[in-house]
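Remarks on the overall topology
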Amino acid sequence: MSTLASLPARPLRESEVAALNRSDGVAYAVATASSGPTPGLVIATDAWVKGLAVVDDAWTVVETVSLEDGDRPDALRRCERAVVERVA
């Protein structure tokens, strides 16, 4: 089951983001909201970074950046911007 398919169809609580951050296969997961349930996430593996947002009661990938083509900090910023624009 993919990470996206395993997410509930609603914003995640802080504890759920923390659990995702500790899961196998995910190197990094962070909420885009500073408190409360978050409608946006940025997750990273060794190969890619993805920006995810709740759209119409389902998580949707709004940006994907391959780490073969760039460095992680730039990919994280790019995905975070895409998520914030989508959920704003």
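Please refer to the structure placed before this passage.
Structural notes, computed from the coordinates.

Conventions and cut-offs
Residues numbered from 1 in each chain as written. Predicted model: local features only at pLDDT ≥ 70, side-chain atom pairs only at ≥ 80, totals over all residues. Heavy atoms only, no water. Buried < 20%, exposed > 50% of the residue type's maximum accessible area, 1.4 Å probe, protein only. Helix = DSSP H or I, 4+ residues; strand = E, 2+ residues; numbered from the N terminus. Pairing = 2+ DSSP bridges. Phe/Tyr/Trp six-rings, centres within 6.5 Å; stacked < 30°, edge-to-face > 60°. Lys NZ or Arg CZ within 6 Å of the ring centre and 35° of its normal. Axes fitted to C-alpha atoms, helices over the stretch in contact; angles between N-to-C directions. Contact = heavy atoms within 4.5 Å. Arc of directions from axis to C-beta. Salt bridge = Lys/Arg side-chain N within 4 Å of Asp/Glu carboxyl O. Core = buried A, V, L, I, M, F, W, Y, C linked by side-chain atoms within 4.5 Å.

1. Looking at the pairing of strand β3 (residues 48-55)
For β3, a buried count of 6 out of 8 residues is recorded, marking the element as mostly surrounded by other parts of the structure. Where strand β2 (residues 40-44) and β3 come together, 5 bridges link them in antiparallel fashion. Following the sheet pairing, V42 is matched in β3 by G51. Taken together, β2 and the strand that follows it, β3, pair antiparallel across an intervening segment of 3 residues. Where β3 hands over to strand β4 (residues 58-66), the hairpin turn is made up of 2 residues, of which D56 adopts a positive phi near 50 degrees.

2. Notes on the packing of aromatic side chains
Aromatic rings considered in pairs are described by the distance between their centres and by the relative angle of their planes. In the structure shown here, the tally under the stated rule is 0 aromatic pairs. K50 extends its terminal NZ or CZ atom over the ring of W48, reaching a point 4.8 Å from the ring centre.

3. Overview of the sheet that holds strand β1 (residues 28-31)
Strand order in the open sheet formed by 4 strands is β1-β2-β3-β4, with antiparallel pairing between adjacent strands. Every interior strand has two partners, whereas the edge strands, β1 and β4, have only one. Here the average twist between neighbouring strands, direction ignored, is 20 degrees. Lying over the sheet, helix α2 (residues 14-22) contacts β1 and β2, oriented at roughly 165 degrees with respect to β1.

4. Quick notes on α2
Where α2 is concerned, the buried positions are E16, V17 and L20. The buried side chains of α2 occupy one side of the element, clustering within an arc of 100 degrees when seen end-on. Pointing more than 90 degrees away from the buried face of α2 are the exposed residues E14, S15 and R22. The secondary structure elements touched by the buried residues of α2 are α1 (3-6), β1 and β2.

5. A look at the pattern of salt bridges
Here the structure, examined in full by the defined rule, presents 4 salt bridges. A salt bridge links E16 to R10; its shortest N-O distance comes to 2.6 Å. Residue classification places E16 among the buried residues on the basis of a relative accessible area of 18%. Two residues, R13 and E16, come together in a salt bridge whose shortest N-O distance is 3.4 Å. Members of the salt-bridge network, linked through shared partners, are R10, R13 and E16.

6. Quick look at the nonpolar core
By size, the foremost hydrophobic cluster in this structure holds 11 residues: L7, L12, V17, L20, V26, A29, L41, I43, L52, V54 and W59. With 8 residues, the next largest nonpolar core counts V49, V65, A75 and L76 among its residues.

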